[in-house]
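Okay, here's what each chain looks like letter by letter:
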Amino acid sequence: MPMKPFLFILPLFFTIFQNTTLPNLNDEGPEPWPVNKKLLLQLINQVRQKGCKCGDTYYPAAAPIAWNSKLEQAALVHSNDMYANNYFSHASKDGSKAGNRIDKMGYSWKTYGENIAFGYRTEKEVVKGWLLSPGHCKNIMSKTFKEMGVARVGDYWTQVFATK
């Protein structure tokens, strides 16, 4: 019996963060699964362009979001860590959060958010799942966010949003 995909959200809009160490990616770790960046941006920006109802709240149209490779790397670190250590949470086992991971990639953020998902097979499926979750949808529709990156390792997806 196939496992049903699930989502977990914790909207994160922090302006203060702690310095913590991040897990090291090494040559023995799993290979990231390629994601179709163009398709992910297209799917997200189509929703942002139209506006969207997230749960009971309607969010009006928002400006297009751009891809950022540093945010993609922060997402990859987290997807890899969840995969390697068999957990599903915004906080790493060492307590670090998305802001710590973003900072370690050299991105000077003012605000950020993170969506995670497990068990989705395609970009379309994971975006649909995020849009059906009010908290994930709110992150996608936030006018505060200007850039994003997404990474997948195994069945673990991480989407990181931020603004400089």
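Our structure's up above, just so we're on the same page.
These lines cover the structure that appears in this document, whether it is placed above or below. (Residues numbered from 1 in each chain as written. Predicted model: local features only at pLDDT ≥ 70, side-chain atom pairs only at ≥ 80, totals over all residues. Heavy atoms only, no water.)

Here we take up the state of the cysteines. Evaluated as defined, the whole model comprises one disulfide. One disulfide bridge connects cysteine 54 with cysteine 137, the sulfur atoms lying 2.0 Å from each other. Around the S-S axis, the bridge from cysteine 54 to cysteine 137 shows a dihedral of about -60° and counts as left-handed. Separated by 83 residues along the polypeptide, cysteine 54 in strand β2 (residues 52-54) and cysteine 137 in helix α5 (residues 134-141) bring together distant segments of the chain. The buried category is assigned to cysteine 54, whose relative accessible area is 4%. By relative accessible area, cysteine 137 is classed as buried at 0%. Unpaired in this structure, cysteine 52 has its nearest cysteine sulfur neighbour in cysteine 137, at a distance of 3.6 Å. For cysteine 52, a relative accessible area of 14% translates into the label buried. (Disulfide = S-S within 2.5 Å. Helix = DSSP H or I, 4+ residues; strand = E, 2+ residues; numbered from the N terminus. Buried < 20%, exposed > 50% of the residue type's maximum accessible area, 1.4 Å probe, protein only.)

Counting 26 residues, the largest nonpolar core has Val127, Met148 and Trp157 as the members making the most contacts within it. Those elements giving two or more residues to this core turn out to be α1 (37-50), β2, α4 (123-132), α5, β6 (147-153) and β7 (156-163). If one sorts the elements of this core by residue count, α1 sits on top with six residues. Counting residues in each nonpolar core, the second largest holds 13 residues, with Leu76, Trp109, Val160 and Ala162 among its members. (Core = buried A, V, L, I, M, F, W, Y, C linked by side-chain atoms within 4.5 Å.)

Evaluation of the coordinates by the stated rule reveals six aromatic pairs. A centroid spacing of 6.4 Å and a plane angle of 90° characterise the contact between tyrosine 83 and tyrosine 156, whose relative ring orientation is edge-to-face. Remark: tyrosine 156 occurs in strand β7 and tyrosine 83 occurs in helix α2 (residues 69-85); sequence separation between them is 73 residues. When the ring of phenylalanine 145 is compared with that of phenylalanine 161, the centres are 5.3 Å apart and the planes differ by 20°; the resulting orientation is stacked. Taken together, the residues span a long stretch of sequence, with phenylalanine 145 in the loop between α5 and β6 and phenylalanine 161 in strand β7 at a distance of 16 residues. Phenylalanine 161 sits in the buried class, given a relative accessible area of 0%. (Phe/Tyr/Trp six-rings, centres within 6.5 Å; stacked < 30°, edge-to-face > 60°.)

Here the focus is the pairing of strand β5 (residues 111-118). Across the eight residues that make up β5, a large majority, eight, are buried. Every second residue of β5 is oriented toward a common face, with Thr111, Gly113, Asn115 and Ala117 on one face and Tyr112, Glu114, Ile116 and Phe118 on the other, all of them buried. As paired elements, β5 and β7 share eight bridges and run antiparallel to each other. Note that in β7 the partner of threonine 111 across the bridge is threonine 163. (Pairing = 2+ DSSP bridges.)

This next bit is on α2. Over its 17 residues, α2 extends 24 Å from the first C-alpha to the last, a length consistent with the 24 Å expected when each residue adds 1.5 Å. Listed in full, the buried residues belonging to α2 are Leu71, Glu72, Ala74, Ala75, Leu76, Val77, His78, Ser79, Asn80, Asp81 and Met82. Tucked inside the fold, the buried residues of α2 contact α1, β4 (66-67), α3 (98-104), β5, β6 and β7. Its side-chain oxygen 2.8 Å from the backbone nitrogen of lysine 70, asparagine 68 forms the N-cap of α2. After α2 finishes, the residue asparagine 86 shows a positive phi value of roughly 50°. (Expected span 1.5 Å × (residues − 1). Contact = heavy atoms within 4.5 Å. Polar contact = N/O pair within 3.5 Å; in protein donor to acceptor, adjacent residues only side chain to side chain.)

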